[in-house]
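Here is how the chains run, residue by residue.
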2 protein chains.
Amino acid sequence: MKIENEATGCLSRRDLIIGAGKIAAGAAVVTAGGLTLSSEVMARTAHEYKYVKLDPERVGQIAYENWYKNFCSYAVASGLIEPLRKEVGGPYNHFPLEITRFAHGGVVGWGTMCGTLFGAGVASNLIAGMDGEEITNDVIAYYASTELPLYKPKNAKLDRTPELSRSNSPLCHVSVGKWMKRSGKQFFTAERKDRCARLAADVAMNTTMLLNAWHDGSYEPKHGSQAKTHNMTAQNNCTECHGSNVPTP
Amino acid sequence: MKIENEATGCLSRRDLIIGAGKIAAGAAVVTAGGLTLSSEVMARTAHEYKYVKLDPERVGQIAYENWYKNFCSYAVASGLIEPLRKEVGGPYNHFPLEITRFAHGGVVGWGTMCGTLFGAGVASNLIAGMDGEEITNDVIAYYASTELPLYKPKNAKLDRTPELSRSNSPLCHVSVGKWMKRSGKQFFTAERKDRCARLAADVAMNTTMLLNAWHDGSYEPKHGSQAKTHNMTAQNNCTECHGSNVPTP
């Protein structure tokens, strides 16, 4: 199923390449349903950042270790981009990975979108151009619907198997809060950090698997458009804020 | 007030530069409170992406217009980076701006962190290195506490003054939802798009003003640490999900 974003149907990279071929170069634009996109801008990503298939385990281990350097968002973005610097090089060497760091803690601690998903979004949109939006959408759906963390790191910082929890939401506050309730651990603990580092590995690995399928031409987006489904931008856990299912603080 | 992020106290760019000066080059790291940062990585942003003060009105107008190309996150990031490509050039010309697009609609329509704030985060962290986190934090606080949109564009797409609303939250779903209630307009309308485009200009202008002060050495972070305040990552509108103040759907 193809994502249609909040303002109009979106174009895949393939659509853009086809569209760009039909129009003159220079100030050429591709228009779809009232939205004007710069084909020049979109084509740049597609041409510069080549992808080679990566080993999800390798990506996961880098993400786990890098969580302890710069937290969740950087962990996932660097989990993908560090090996691409080695395998492909070129523009990946100049991409300023450190700009992903601020999304830690749901963006400088505000508890909104889990930083791992920003990292996944940055990496997949860098690699796959506009197709990265569908990949990001699928990674978010995986995150919200899966009991995490699953990853078992080599040289774990903490010799302990973390509790599993399903967030039913991409929000850091909700995801971490449910895990804290399940585990009985507070936020500023080694156990919570270990949980988030392992979860970063899970998100990085899921993103890698989707990108590998995309590279092979076998990727089919699964998750539909949130905005079209709800007639506004929204998550799917409506009754956790609206209705009788509101958690106590 | 200095931000301390969710895992430990953070370092400012100034701290990093001082720290880097005290240690050997190469695999040098700066350690603070148990967190290890790569000074090599952090220093790169500080050295490559020079900032010159920008006119907030100019940035706002670009953000407003670019909303209609690639939505909210791209609008804010490009509002700052397009003029820097002209005034500074160099690495700004190679930064793949289009990777910010996916954050539209609170990240591909999931209604989480407003895309404008992601765009502000990317731009301010690219420009100001680690100081960008404090700037992002202050921009988020401005967004949540201010009745928006205020910007009056040249050549407005819609000749109408949009209703004002205060989100009390950085979430797209909450911010847009409150505006929809105030205005009586649905999500997929020209009025809602105009509101979001003007709001993108407001966020871009606020970010520019903070960056200009930072450039002058007069920037003082105002907003404290969300994670330290709440002992976990969180917004400040607790009773909108927890308690008696829950809105009807």
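Here the structure is shown first, and the text comes after it.
The structure reproduced in this document is the subject of the present report. Just so we're clear, the structure is a prediction, and the values are computed from it rather than from any experiment. Along each chain, numbering runs from 1 in the same order as the chain's sequence is written. Each chain takes a letter, starting from A, and each ligand takes a number, starting from 1, following the order in which they are written. Thresholds applied to this predicted model are a pLDDT of at least 70 for local features of residues and 80 or more for the giving and counting of side-chain atom pairs; totals over whole chains, interfaces and linings are not thresholded and use all residues. Calculation of side-chain values draws on the structure's entire complement of heavy atoms; hydrogens and water are dropped beforehand.

Here we look at the nonpolar core
- Residues Trp67(A), Phe95(A), Phe118(A), Trp67(B) and Phe95(B) are the most contacted members of the largest nonpolar core, which totals 126 residues.
- When neighbours within four sequence positions are excluded, Trp67(A) is seen to be in contact with Cys72(A), Ala75(A), Arg192(A), Lys193(A), Cys196(A), Ala197(A) and Ala200(A). Put simply, a nonpolar core is a bunch of buried Ala, Val, Leu, Ile, Met, Phe, Trp, Tyr and Cys residues held in one set by side-chain atoms that sit within 4.5 Å of each other. Partly exposed describes any residue whose relative accessible area lies between the buried limit of under 20% and the exposed limit of over 50%, with all areas from a 1.4 Å probe on protein chains only and scaled to the type maximum. In what follows, a contact means two residues having at least one pair of non-hydrogen atoms within 4.5 Å.

Let's talk about the pattern of salt bridges
Residue and element names in this part refer to chain A.
- Any carboxyl oxygen of Asp or Glu within 4 Å of a side-chain nitrogen of Lys or Arg constitutes a salt bridge here. In total, this model carries 14 salt bridges over all chains according to the counting rule given.
- Across the pair Asp216 and Lys53 runs a salt bridge, and its minimum N-O distance is 2.7 Å. Note that Asp216 is positioned in helix α7 (residues 190–216) and Lys53 in the loop between α2 (39–48) and α3 (56–87), a separation of 163 residues in sequence.
- Judged by its relative accessible area of 43%, Lys53 is partly exposed. A run of H or I in DSSP becomes a helix once it reaches four residues, and a run of E becomes a strand once it reaches two; helices and strands are each numbered from the N terminus.

So, the interface of chain A and chain B
- With 77 residues of chain A at the contact, the number on the chain B side is 76 residues.
- Surface buried jointly by chain A and chain B totals about 6,800 Å² across both partners, of which 64% is contributed by carbon and sulfur atoms.
- In this structure, the connection of chain A to chain B is made through two salt bridges.
- Between Arg101(B) and Glu133(A) there is a salt bridge; the shortest N-O distance is 2.6 Å.
- Whenever two N or O atoms come within 3.5 Å, that pair is a polar contact, provided that in protein one can donate a hydrogen and the other can accept it, and provided that, for residues adjacent in sequence, both atoms are side-chain atoms. Our count for the chain A to chain B interface comes out at twelve residue pairs in polar contact (both at pLDDT 80 or more).
- Among the secondary structure elements, those contributing two or more residues to the side of chain A that touches chain B are β2 (35–38), α2, α3, α4 (115–128), α5 (131–145), α6 (172–183), α7 and α8 (226–230) of chain A.
- Following the grouping adopted for this structure description, the nonpolar residues are Ala, Val, Leu, Ile, Met, Phe, Trp, Tyr, Cys and Pro, the charged ones are Asp, Glu, Lys and Arg, and the polar ones are all others, Gly among them. The residue inventory of the side of chain A that touches chain B, partitioned by class, reads 38 nonpolar, 28 polar and eleven charged. Accessible area, probed at 1.4 Å, shrinks when two parts are joined; the buried area is that loss added up over both.

Thoughts on the state of the cysteines
- Disulfides are defined as cysteine sulfur pairs within 2.5 Å. Evaluated as defined, the whole model comprises one disulfide over all chains.
- With its sulfur 2.2 Å from that of its partner, Cys241(A) forms a disulfide with Cys241(B). What sets the handedness of the Cys241(A) and Cys241(B) disulfide is the S-S torsion sign, and at about 85 degrees it is right-handed. Here Cys241(A) is found in the segment after α8, whereas its partner Cys241(B) is found in the segment after α8 (226–230) on a different chain.
- We classify Cys241(B) as partly exposed; its relative accessible area is 24%.
- Unpaired in this structure, Cys114(A) has its nearest cysteine sulfur neighbour in Cys72(A), at a distance of 5.4 Å.
- The closest cysteine sulfur to the non-disulfide-bonded Cys172(B) is located on Cys114(B), 6.1 Å from its own sulfur.
- Residue classification places Cys172(B) among the buried positions, given a relative accessible area of 7%.

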